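# Report on the structure
Here are the chains, one letter per residue:
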Amino acid sequence: MIITVGNTKGGVGKTILAVQIAIARALAGRDVWLIDGDRQGTAAAAIAARAENGRQPGIACAQYPDGPALRGQVRQQRGKWQEIIIDAGGRDSTALRAALILSDVLLVPFAPRSYDVWALDDMAALVDEARSTRDGLRCFAILNQADPGGHSSDNADAAAAVAAVPQFEYLPTPIRRRKAFSNAGGAGLAVSELLPHDPKAVAEMEHLIASLFNIQTIVKQE
Ligand SMILES: Nc1ncnc2c1ncn2[C@@H]1O[C@H](COP(=O)(O)OP(=O)(O)O)[C@@H](O)[C@H]1O
Ligand SMILES: [Mg+2]
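Attention here is on the structure that accompanies the text. (Residues numbered from 1 in each chain as written. Chains lettered and ligands numbered in written order. Predicted model: local features only at pLDDT ≥ 70, side-chain atom pairs only at ≥ 80, totals over all residues. Heavy atoms only, no water.)

### Section: the overall build of the protein
Along its length, the protein carries eight helices and seven strands. Compactness check: the protein gives a C-alpha radius of gyration of 16 Å against a globular reference of 17 Å for 222 residues, within 12% of the reference. Projecting the C-alpha coordinates of the protein onto the three principal axes gives extents of approximately 45 × 45 × 35 Å. The burial tally for the protein puts 51% of its 222 residues in the buried class. Considering only intrachain contacts with a sequence separation of at least 6, the fraction spanning at least 24 residues in the protein is 79%. Split by element, the accessible area of the protein, about 10,100 Å² in all, is 50% carbon and sulfur. Where the 23 positive side-chain charges of the protein centre and where its 24 negative ones centre are 3 Å apart. (Helix = DSSP H or I, 4+ residues; strand = E, 2+ residues; numbered from the N terminus. Rg over C-alpha atoms; globule rule 2.2 N^0.38 Å. Buried < 20%, exposed > 50% of the residue type's maximum accessible area, 1.4 Å probe, protein only. Contact = heavy atoms within 4.5 Å. Areas by Shrake-Rupley, 256 points an atom, 1.4 Å probe, with all protein chains shown as cover. Lys, Arg positive; Asp, Glu negative; His and termini not counted. Charge placed at Lys NZ, Arg CZ, Asp CG, Glu CD.)

The structure is reproduced here in structure tokens:
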């Protein structure tokens, strides 16, 4: 299973989510390969911080900010891994386009502000392009950095906004803005490893991961 966390827009939480998903799956005993497809190298830096602290399991991580290198390496090495998580971003990034051709699932984080919702249109065009050359790319939009004290209607508003973009399904497991996510991300830790524990952050991430990987089970049975 190859999952790309992508959005042409920056600052929406691609790196935070890709790193959290990769570590959580490694903790669950899966063979995971995290690919940093962003020239800024934030995901690779988080994994380097994890290694410096001697945290187990270590996470295999490679940096391929260029589309051709990413495509070539993933094609060559995909059989070695149970799960490949790609952090791909940046407007007109060749890595993002290459990742979309290879992925089973695209996860698009967006923030609960209208201009981020509109950025989904940008992604929708890239999804159309990828789907024109291959079948089976499932695309999910997920609300990130939602207001922790927000109204329960925020989730419904986000779902309605995503429903207007037919390329995407709404993944109803929103992630809220919590210090635990930024602290864990910077240190290369899963929120479940971070002390003091933030049970709400841990639960949100568990829900997200369960729904992402249950979807895969359903896809396989189809
Ligand atoms: N759910 C969240 N709670 C708290 N901080 C977050 C959350 N999601 C992202 N951030 C913070 O927002 C900033 C941008 O997130 P990042 O994952 O780097 O975005 P991107 O990779 O899309 O550019 C980072 O400083 C990150 O720590
Ligand atoms: Mg990033």
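Further notes follow.
### Let's talk about the site of ligand 1
Around ligand 1 there are 15 residues in total, and Gly-11, Lys-14, Thr-15, Ile-16 and Asn-144 lie nearest to it. Between ligand 1 and the protein, one listed contact pairs an oxygen atom with a side-chain N or O atom of Lys-14 at 2.8 Å. One of the backbone N or O atoms of Arg-176 is found 2.9 Å from a nitrogen atom in ligand 1. For ligand 1, the protein covers 76% of the area, taking 550 Å² as the surface of the free molecule. Only helix 1 (14-27) and helix 7 (179-187) provide two or more residues apiece to the shell around ligand 1. At three residues, helix 1 tops the list of elements feeding residues into the shell around ligand 1. Within the shell around ligand 1, the residues separate by chemical class into four nonpolar, seven polar and four charged. (Near = heavy atom within 4 Å. Polar contact = N/O pair within 3.5 Å; in protein donor to acceptor, adjacent residues only side chain to side chain. Nonpolar A, V, L, I, M, F, W, Y, C, P; charged D, E, K, R; others polar.)

### Focus: the environment of Asp-121
Here Asp-121 lies in helix 5 (residues 114-131). Judged by its relative accessible area of 46%, Asp-121 falls in the partly exposed class. In this structure the C-alpha to C-alpha distance between Asp-121 and Ala-156, which are 35 residues apart in sequence, comes to 19 Å.

### Concerning the nonpolar core
Leu-34, Ile-85, Leu-107, Leu-208 and Leu-212 are the most contacted members of the largest nonpolar core, which totals 37 residues. Secondary-structure elements contributing two or more residues to this core are strand 1 (2-7), helix 1, strand 2 (32-36), helix 2 (42-52), strand 5 (105-110), strand 6 (138-143), helix 7 and helix 8 (199-221). Residues within four places of Leu-107 in sequence aside, it is in contact with Thr-4, Val-5, Gly-6, Ile-21, Phe-140, Ile-142, Leu-171, Leu-208 and Leu-212. By size, the runner-up hydrophobic cluster in this structure holds 36 residues, among which are Trp-33, Leu-96, Ala-124 and Cys-139. (Core = buried A, V, L, I, M, F, W, Y, C linked by side-chain atoms within 4.5 Å.)

### Structural notes on the side chain of Asn-7
Structurally, Asn-7 can be placed in strand 1. At a separation of 2.9 Å, a polar atom in the side chain of Asn-7 contacts the main-chain carbonyl oxygen of Pro-109. When sequence neighbours within four positions are dropped, the list of residues in contact with Asn-7 reads Val-12, Lys-14, Ala-88, Gly-89, Gly-90, Val-108, Pro-109, Ala-119 and Met-123.

### Points about the sheet that holds strand 7 (residues 169-170)
Spatial ordering of the open sheet is given by 3-2-4-1-5-6-7, a layout of seven strands whose pairing is parallel. The open sheet is flanked by strand 3 (60-63) and strand 7, the only strands paired with a single partner. Note that strand 2 and strand 3 share four bridges and pair parallel. Within the sheet, the bridge partner assigned to Trp-33 lies in strand 3 and is Ala-60. Relative to strand 2, helix 3 (residues 67-77) is tilted by about 175 degrees, and along the sheet it contacts strand 1, strand 2 and strand 4 (83-89). (Pairing = 2+ DSSP bridges. Axes fitted to C-alpha atoms, helices over the stretch in contact; angles between N-to-C directions.)

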